Amino acid sequence: EAEVAQSPRYKITEKSQAVAFWCDPISGHATLYWYRQILGQGPELLVQFQDESVVDDSQLPKDRFSAERLKGVDSTLKIQPAELGDSAMYLCASSLGRAVETQYFGPGTRLLVL
Amino acid sequence: AQSVTQLGSHVSVSEGALVLLRCNYSSSVPPYLFWYVQYPNQGLQLLLKYTSAATLVKGINGFEAEFKKSETSFHLTKPSAHMSDAAEYFCAVSDRGNTPLVFGKGTRLSVIA
């Protein structure tokens, strides 16, 4: 069964350092989402891509976060510089991109900023 | 704007007992509603979804949910809890297809032997 892949699974960094997370969606999925899940809360959208284009990045803190999906396949989310409040689980999800398609989630990257 | 309220951050049931996890939504248009389950340090797995077809939706692992427009609710139930059901459950809403999900804060289900 096809799955969404994410790496690394865990990342520990010091504040002010740069970190990057990678996501490989299910093959053929045109829509890709990055969500952030703070401990004890539900996921919240950071950015949505349709193919290689950003559809919604209204909740992305653009002064420190960036995301790209250059060839419309895999995607990278970067934080520079990391802050203590960025400690969270970062989840990637993908869907076919048609109406009411199920979003399939990867295992996530758990980030701890010290 | 849509929102989801999950009543009860933690629910504890005995093995074999009924599971009831509550979800109320707010949406200005007919919503699409989802229940996801998350096991520790893992991603989210879809349990079931409502997309304006049958109001009673059956999902995986014996779970089902009923859409009640008059009560703006989409509660999740399972007749008999198993130890393996212990996890975090999230209700989510979207106002149309291919849009980001808005999640509730989650309900942690504990199953006592």
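Structural notes on the state of the cysteines
As enumerated under the stated definition, the model contains 2 disulfides over all chains in all. One disulfide in the model links Cys 23 of chain A with Cys 92 of chain A; its S-S distance is 1.9 Å. In this structure the cystine formed by Cys 23 of chain A and Cys 92 of chain A twists about its S-S bond by roughly -65°; its chirality is therefore left-handed. Taken as a pair, Cys 23 of chain A in strand β3 (residues 19-24) and Cys 92 of chain A in strand β9 (residues 88-95) lie far apart in primary sequence, 69 residues in all. Here Cys 23 of chain A matches Cys 92 of chain A in class, with each residue buried. Bridging Cys 23 of chain B to Cys 91 of chain B, the disulfide has an S-S length of 2.0 Å. Looking along the S-S bond of the Cys 23 of chain B-Cys 91 of chain B disulfide, the torsion reads about -65°, which is the left-handed sense. In this pair, Cys 23 of chain B is assigned in strand β3 (residues 19-26) and Cys 91 of chain B in strand β9 (residues 87-94), connecting sequence segments 68 residues apart. Residue Cys 23 of chain B shares its accessibility class with Cys 91 of chain B, and that shared class is buried.

The rules behind these values
Residues numbered from 1 in each chain as written. Chains lettered and ligands numbered in written order. Predicted model: local features only at pLDDT ≥ 70, side-chain atom pairs only at ≥ 80, totals over all residues. Heavy atoms only, no water. Disulfide = S-S within 2.5 Å. Helix = DSSP H or I, 4+ residues; strand = E, 2+ residues; numbered from the N terminus. Buried < 20%, exposed > 50% of the residue type's maximum accessible area, 1.4 Å probe, protein only.

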